[in-house]
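Take a look at the letters that make up each chain.
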Amino acid sequence: MSSAPRVSLIGAPTDVGAGVRGASMGPEALRVAQLQPALEAQGCDVIDRGNLSGPPNPWQPPVNGYRHLDEVVAWNQVVHEAVHAELQQGRLPLLLGGDHCLGIGSISAVARYCRETGKKLRVLWLDAHADFNTNTLTPTGNVHGMPVAVLCGHGPQALTHLGGHHPAIKPQMVRQIGIRSVDAGEKRLVHAENLEVFDMRYIDEMGMRHTMEMALALLDAQTHLHVSFDVDFLDAEVAPGVGTTVRGGPTYREAQLCMEMIADTGRLGSLDVVELNPALDVRNQTAEVAVDLIASLFGKSTLMRR
Ligand SMILES: [Mn+2]
């Protein structure tokens, strides 16, 4: 990546994969919180592509363990194409969700781009949840609890084959950070697939610095780094504006260190910011925290360093 990344903002205003409505307003809340000027202050060349469009949220119960599968597929198809198009143009796609089911479209596009260009892929999944459910394991049917499993090949064909390659990614490409809420069946699948999880206990015991050194180990010049940032990664006191708050998450400073250490690698190639729910926020403070952290991800340092 060059020193002045060319960033494309892609809004995906939907909550079809979520259990609470409101993440569909996320893209606009991030814009209101001055995302574009914050990135420009870091030297980024930013284009706002506006919002993608897709089907409305029908708000129906699950069918075969999936809620709104057709709508989830439609949204992920447009996300996949939009993210892939930006990568092909040498730009860094910044997906503004929307709920986390959109990680399927986004990361399958990144994986496809990496296959086409011979790059390695590392996915950092910053989240309170492992998002490794399947239709038989899920307690809710909400697809935003399934994207990592889908990307690793567990799920309906319409989603697992989205990028034309099955599975889209291997579990060894993923590092999960901040995890503190995993359903019982989901936990078994996480272990069976050998997913590398740095949960909150690990962060408590080892510290964020060591955690990130481990999660970022062995990146090289041929590695594309994708960050999938679910805002519920953050402690609920810092970030109340999410649909599925879980207490006991990283503090503001820990999250900032996490972002700064990712920035230091110089490898960031694509980013999702998802699950921001303005309907549950307090005067847009969660959007403002998210924008602060995104700025850190693009090199803003709170430390007195040159
Ligand atoms: Mn998530």
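Worth saying up front: this structure is predicted, and the values here are computed from it rather than measured.

A. Molecular detail of the overall build of the chain. Scanning the chain from N- to C-terminus turns up 10 helices and eight strands. A compact globule built from 306 residues should have a C-alpha radius of gyration of about 19 Å, and the chain, at 17 Å, falls within 12% of that. Seen along its three principal axes, the alpha-carbon backbone of the chain occupies a region of about 55 × 45 × 40 Å.

B. Helix α8 (residues 200-215), seen in detail. Compared with the 22 Å implied by 1.5 Å per residue over 16 residues, the 14 Å span of α8 between its first and last C-alpha is markedly short. Taking the largest bend as the criterion, α8 deviates by roughly 110°, centred on Gly-207. Buried within α8 are the following residues: Ile-203, Met-208, Thr-211, Met-212 and Ala-215. Tucked into the core, α8 has its buried residues touching β4 (120-126), β5 (174-179), β6 (196-199) and α9 (252-265).

C. How the structure looks around the UniProt feature "binding site: Mn(2+) 1" (unreviewed entry) in the chain. UniProt tags His-100, Asp-127, His-129, Asp-131 and Asp-230 as "binding site: Mn(2+) 1" (unreviewed entry). The largest pairwise C-alpha distance within this set of annotated residues, which runs over 131 residues, is 10.6 Å, so the set is compact in three dimensions. Note on placement: His-100 falls in the loop between β3 (92-97) and α4 (103-117). Taking the number of C-beta atoms within 10 Å as the measure of exposure, His-100 has 32 and is therefore buried. Among all residues touching His-100, those that are not within four sequence positions of it are Gly-17, Asp-131, His-144, Pro-147, Asp-230, Val-274 and Glu-275. For Asp-127, the location among the structural elements is in the loop between β4 and α5 (147-151). By C-beta crowding, Asp-127 is classed as buried, having 28 other C-beta atoms within 10 Å.

D. Spatial organisation of the pairing of strand β7 (residues 223-230). With respect to burial, β7 is a largely interior element, seven of its eight residues being buried. Direction of pairing for β4 relative to β7: parallel, over a ladder of seven bridges. Its bridge partner being in β7, Lys-120 is matched across the sheet by Thr-223. Sheet analysis places β7 next to strand β8 (residues 268-274), joined by six bridges and oriented parallel. Bridge pairing links Asp-230 to Val-274 in β8. In this fold, β7 hands off to α9, which returns the chain to β8; that crossover is right-handed.

E. Just the environment of Thr-244, in detail. With respect to the helices, strands and loops of the structure, Thr-244 is situated in the loop between β7 and α9. It is 8.6 Å that separates the C-alpha atoms of Thr-244 and Glu-275, two residues lying 31 residues apart in sequence. Those residues within four positions of Thr-244 in sequence are excluded, and the remaining contacts are His-129 and Asp-232.

Reading the values: the criteria
Residues numbered from 1 in each chain as written. Predicted model: local features only at pLDDT ≥ 70, side-chain atom pairs only at ≥ 80, totals over all residues. Helix = DSSP H or I, 4+ residues; strand = E, 2+ residues; numbered from the N terminus. Rg over C-alpha atoms; globule rule 2.2 N^0.38 Å. Expected span 1.5 Å × (residues − 1). Bend = angle between axes of the 7 residues up to and from the residue. Buried ≥ 20, exposed ≤ 12 C-beta atoms within 10 Å, placed from the backbone. Contact = placed C-beta atoms within 7 Å. UniProt positions renumbered as here; feature names shortened; annotations may be inferred. Pairing = 2+ DSSP bridges. Right-handed = clockwise from strand over helix to strand, strands pointing away.

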